[in-house]
Amino acid sequence: LCRWHYLPSLQYLTRLNNMVRLSLSLFLAGAVTTAAFAPSSQPRAAVQTSINAAAIETPPSPLTAWGETIQDIKKAQAEFKKQPLPEFAPEISSADVGIASDDKDAQLKYFEDNALEIKKKMELHGAVVFRNFDLMKEQEGFQKFYNAIGMKVCQDPLQSVAARPTADGKKDSPVYEAVNKESRKNFFIGMHNEFVGTRAPRAAAFVCFKAAETGGEFIVADGRRMFRDLEADVVEELYNRNIRYSVMELPFFGWVDSVPEPIQEPVKAGVRGLVSAAINAKVDFDVEMLWGEGGYDNKRMLQARAPSQPPIVLHPVTGEPTWFCNVHSHSSKLRKERESLYGAERFEDGASQINKSDMFYGDDGDITEKALKNMDETTYKNARYVKMSEGDVVLLDNYKCMHGRNVFDGTRKHAVAWFGGFEGEEEVKEMVAEEMSKLGSNKMPFFGK
């Protein structure tokens with residue numbers, strides 16, 4: 001989840017703040033009632049009608065598959081530690097399959113002929129890295145690649161809340177720009193699975209069209225090994241209490257402190273209600289607005305928190321438990337610690353100030369220092385830096401594989417396509433089960449029906 005896209009536009013929020021202040025003035029004058037600002041009865045799906053033409057032609061990102069509840073998470077982890085796991089993110093180069101790096105026709109045929117095997121590798125290993133295939137050096141060839149292996153493209157999951165730029169600048173393009181902005185070059189993107197609210201793509205393909213001169217490595221981490229290696233007590237507390245994201249902060253409300261004290265609490269309640277209604281009308285999931293003390297420049301702010309959710313899920317195809325949690329990218333404490341290595345995040349402008357995020361337990365309690373330290377260390381233990389060259393692609397399962405990006409210097413152009421599924425899913429599932437059986441790993445009974 002790229003936090004700076006995870007919200008309505010700054011212009012919308014600024015208008016919202018002005019609307020709130022005007023509405024409050026009218027309210028205090030007795031001219032209006034709060035009923036005038038009740039959420040619209042129009043279904044949220046109608047918000048999508050204003051999205052560009054790609055939204056009509058391309059299906060939305062699928063709903064997140066949380067899977068069944070794991071009744072005894074400590075037992076599940078203990079049993080999972082006994083299971084052998086396949087290699088994570090193997091590489092395939094054109095030379096490995098006996099094809100010249102510049103023979104695009106032969107490369108396309110290879111992908112067509114080996115589509116099921118490639119998808120099996122993605123599901124079995126969590127990710128596959130393709131190197132030295134000139135076919136994918138340009139967007140047209142990249143799209144031919146993922147169509148050849150039968151990936152079902154879907155909209156960016158951010159589409160419900162904002163529009164991520166497309167790689168070629170065309171509004172109907174299914175290939176989106178990764179985080180390449182110069183203003184974010186010293187911002188280390190923490191490890192995360194891609195999901196927004198209720199939607200998460202099943203898979204993704206990240207491509208390099210131009211590598212940064214220095215740094216900018218794409219980073220992947222295995223969610224299964226993450227679940228396996230976390231301390232048992234940390235896993236138990238996180239899973240039993242769930243986790244909750246703060247997805248943005250609105251530092252617009254210092255003026256509330258200048259309201260006469262006898263009416264401050266009613267004013268705060270009214271403002272919170274108005275902002276909640278306005279924000280929830282713009283997104284397709286429930287957001288709760290909470291008042292925070294301090295915030296930016298020690299001013300009062302409203303914090304938007306997403307619903308509580310589990311940090312570990314059962315994989316929708318293989319049934320394996322896997323870490324599905326963005327604490328590494330969203331925790332304000334972990335980001336602040338990274339600033340000591342890479343410099344300040346450079347979140348100085350209005351839009352960037354809004355894009356502050358944080359993580360809490362599902363009951364809104366602060367995540368302990370011990371848990372954060374363990375999650376941070378375990379994430380880095382299982383992370384792999386992939387230095388990509390032009391045309392290289394990382395095909396990954398979004399539920400099994402987290403991704404991130406290192407800081408960089410120079411000009412970087414990476415892009416991504418999201419997938420809601422793929423052709424031959426049942427056949428691939430059987431192929432993966434057969435491979436796992438060869439490893440001596442079987443699906444545990446308490447994960448099945």
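Residues numbered from 1 in each chain as written. Predicted model: local features only at pLDDT ≥ 70, side-chain atom pairs only at ≥ 80, totals over all residues. Heavy atoms only, no water.

(A) Spatial organisation of the pattern of salt bridges. Counted by the stated rule, this structure contains 36 salt bridges. Two residues, Asp-222 and Arg-225, come together in a salt bridge whose shortest N-O distance is 2.4 Å. Connected via shared salt-bridge partners are Asp-222, Arg-224, Arg-225, Glu-320 and Lys-400. (Salt bridge = Lys/Arg side-chain N within 4 Å of Asp/Glu carboxyl O.)

(B) View of the nonpolar core. Counting 57 residues, the largest nonpolar core has Trp-323 and Met-375 as its most contacted members. When residues in this core are grouped by element, the largest group, five residues, is from strand E9 (residues 243–250). With sequence-adjacent residues up to four places away left out, Met-375 is seen in contact with Met-226, Leu-230, Leu-238, Trp-323, Val-327 and Ile-367. In terms of nonpolar packing, the next biggest core, distinct from the first, is built from 35 residues, Ala-167, Ala-205, Leu-395 and Met-436 among them. (Core = buried A, V, L, I, M, F, W, Y, C linked by side-chain atoms within 4.5 Å. Buried < 20%, exposed > 50% of the residue type's maximum accessible area, 1.4 Å probe, protein only. Helix = DSSP H or I, 4+ residues; strand = E, 2+ residues; numbered from the N terminus. Contact = heavy atoms within 4.5 Å.)

(C) Structural detail: unusual backbone geometry. One non-glycine residue, Asn-132, lies in positive phi territory at about 65°. Its place among the elements puts Asn-132 in the loop between strand E2 (127–131) and helix H6 (139–148). Using a relative accessible area of 46% as the deciding quantity, one classes Asn-132 as partly exposed. At Asn-242, a position not held by glycine, the phi torsion is positive, near 65°. Here Asn-242 shows up in the loop between helix H8 (232–241) and E9.

(D) How the structure looks around the side chain of Ser-93. Here Ser-93 shows up in strand E1 (residues 91–93). The class for Ser-93 is buried, based on a relative accessible area of 13%. Setting aside residues up to four positions removed in sequence, Ser-93 forms contacts with Arg-131, Asn-132 and Phe-133.

(E) Focus on the environment of Val-207. Residue placement: Val-207 occurs in strand E6 (residues 203–210). Each C-alpha atom of the pair Val-207 and Lys-137 lies 8.2 Å from the other, and the pair is 70 residues apart in sequence. The residues contacting Val-207, other than those within four sequence positions of it, are Met-136, Phe-142, Met-388, Asp-392, Val-393, Lys-413, His-414 and Ala-415.

(F) Broad picture of the packing of aromatic side chains. Applying the stated criterion across every chain, the model contains 22 aromatic pairs. An angle of 55° between the planes, with centres 5.6 Å apart, marks the rings of Phe-80 and Phe-227 as tilted. Here Phe-80 is found in helix H3 (residues 73–80), whereas its partner Phe-227 is found in helix H7 (residues 223–229), with 147 residues between them in sequence. Like Phe-227, Phe-80 is buried. Centroid distance Phe-188 to Tyr-380: 6.4 Å. Interplanar angle 55°. Geometry classified as tilted. You can see Phe-188 sitting in the loop between strand E4 (176–177) and strand E5 (189–192) and its partner Tyr-380 sitting in helix H13 (residues 369–381), a full 192 residues away along the chain. Among the aromatic residues, those joined into a ring-pair cluster are Tyr-110, Phe-111, Phe-130, Phe-133, Phe-142, Phe-145, Tyr-146, Phe-209 and Phe-419. The positively charged end of Arg-241 is found above the aromatic ring belonging to Tyr-361, 3.8 Å away from the centroid. (Phe/Tyr/Trp six-rings, centres within 6.5 Å; stacked < 30°, edge-to-face > 60°. Lys NZ or Arg CZ within 6 Å of the ring centre and 35° of its normal.)

(G) Summary view of the sheet that holds E9. Pairing is antiparallel in the open sheet, where four strands are placed in the order E10-E11-E9-E14. Each edge of the open sheet carries a strand with a single partner, namely strand E10 (288–292) and strand E14 (358–361). Recorded for the sheet is a direction-independent mean angle of 35° between the axes of neighbouring strands. Against the sheet, helix H9 (residues 264–280) contacts E9, E10 and strand E11 (301–305), and its axis sits at roughly 140° relative to E10. (Pairing = 2+ DSSP bridges. Axes fitted to C-alpha atoms, helices over the stretch in contact; angles between N-to-C directions.)

Functional significance is not addressed by these values, which are geometric in nature.
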